[in-house]
Amino acid sequence: MKTMMKRMSVLAAMLLVGVVMVFAQDGGGEATSGIVIDLGTFAGITAVVSAVVTQILKLIPKVKENKLAKIGISAGVGVVVCVVAWLLQISEPLIGLSWWQTLLYGLASGLSGCGFYDLVKAVAALFIKKDE
């Protein structure tokens, strides 16, 4: 009985994988590869900011030690990405905004990219003394 259940569950899993592969096929004949960057949402902009900041931190390893510098770089990259996307009119949420709203949007996406928790933790570390 136990082997029969194993066979049935393996059969069900194989059938499910086959169905998923058929539905996952791309209908077009073109082969697409590479990274697609979606700047149409706040989450997409935040993902781009996070990816760029990660690459910058790989280039400058000393910044990893200083949390405030890491947060500053993330906020700066967020502002730059949003301003460039606003100037080129390639991001739907930024199209109707003015320049100062775009700066605030970039600041928010930069701070989201580094994590609000890291920001609160770094600022709290400035005011709270550690007992050693």
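Structure's up top.
The shown structure was predicted, so the numbers you read here are calculated from the model rather than taken from an experiment.

**Q** Help me understand a nonpolar patch on the surface, please; the structure alone is not making it clear to me.
**A** A cluster of nonpolar side chains, Leu68, Val123, Leu126, Phe127 and Ile128, forms an exposed patch at the surface whose accessible area comes to about 530 Å². Considering the arrangement of structural elements, one finds Val123 in helix H5 (residues 116–127). Judged by relative accessible area, which is 34%, Val123 ranks as partly exposed.

**Q** Just to check I follow, could you spell out the nonpolar core for this structure?
**A** Listed in full, the twelve residues of the largest apolar core are Leu39, Ile45, Val48, Val49, Val53, Leu57, Val63, Val77, Val81, Cys82, Ala85 and Leu94. Sorting the residues of this core by element identifies helix H2 (42–59) and helix H3 (67–88) as the ones contributing at least two each. By residue number, the principal contributor to this core is H2, which donates five residues. If we ignore the near neighbours within four places in the chain, the residues touching Val53 are Ile73, Ser74 and Val77. Formed by five residues, the second largest nonpolar core is a distinct cluster that contains Ala75, Leu111, Cys114 and Ala122.

**Q** Help me out: how do you make sense of the packing of aromatic side chains in this one?
**A** A ring pair, where both rings are aromatic, is described by two values, the distance of the centres and the angle of the planes. Overall, the coordinates contain one aromatic pair when judged by the stated rule. Ring geometry for Phe42 against Tyr105: centres 5.5 Å apart, planes inclined by 90 degrees, an arrangement best described as edge-to-face. Of this pair, Phe42 sits in helix H2 while Tyr105 sits in helix H4 (residues 99–114), and the two are 63 residues apart along the sequence. Phe42 gets classed as partly exposed once you look at its relative accessible area, which sits at 32%.

**Q** Before we go on, may I ask you to explain unusual backbone geometry in this structure?
**A** With glycine set apart, most residues show a phi of negative sign, and most peptide bonds adopt trans. Phi at Gln89 is positive, roughly 55 degrees, even though this residue is not glycine. As for its placement among the helices and strands, Gln89 is situated in the loop between H3 and H4.

The rules we used
- Residues numbered from 1 in each chain as written.
- Predicted model: local features only at pLDDT ≥ 70, side-chain atom pairs only at ≥ 80, totals over all residues.
- Heavy atoms only, no water.
- Patch = residues over 30% accessible without salt bridge, like charges linked within 9 Å, V, L, I, M, F, W, Y side chains within 5 Å.
- Areas by Shrake-Rupley, 256 points an atom, 1.4 Å probe, with all protein chains shown as cover.
- Salt bridge = Lys/Arg side-chain N within 4 Å of Asp/Glu carboxyl O.
- Helix = DSSP H or I, 4+ residues; strand = E, 2+ residues; numbered from the N terminus.
- Buried < 20%, exposed > 50% of the residue type's maximum accessible area, 1.4 Å probe, protein only.
- Core = buried A, V, L, I, M, F, W, Y, C linked by side-chain atoms within 4.5 Å.
- Contact = heavy atoms within 4.5 Å.
- Phe/Tyr/Trp six-rings, centres within 6.5 Å; stacked < 30°, edge-to-face > 60°.

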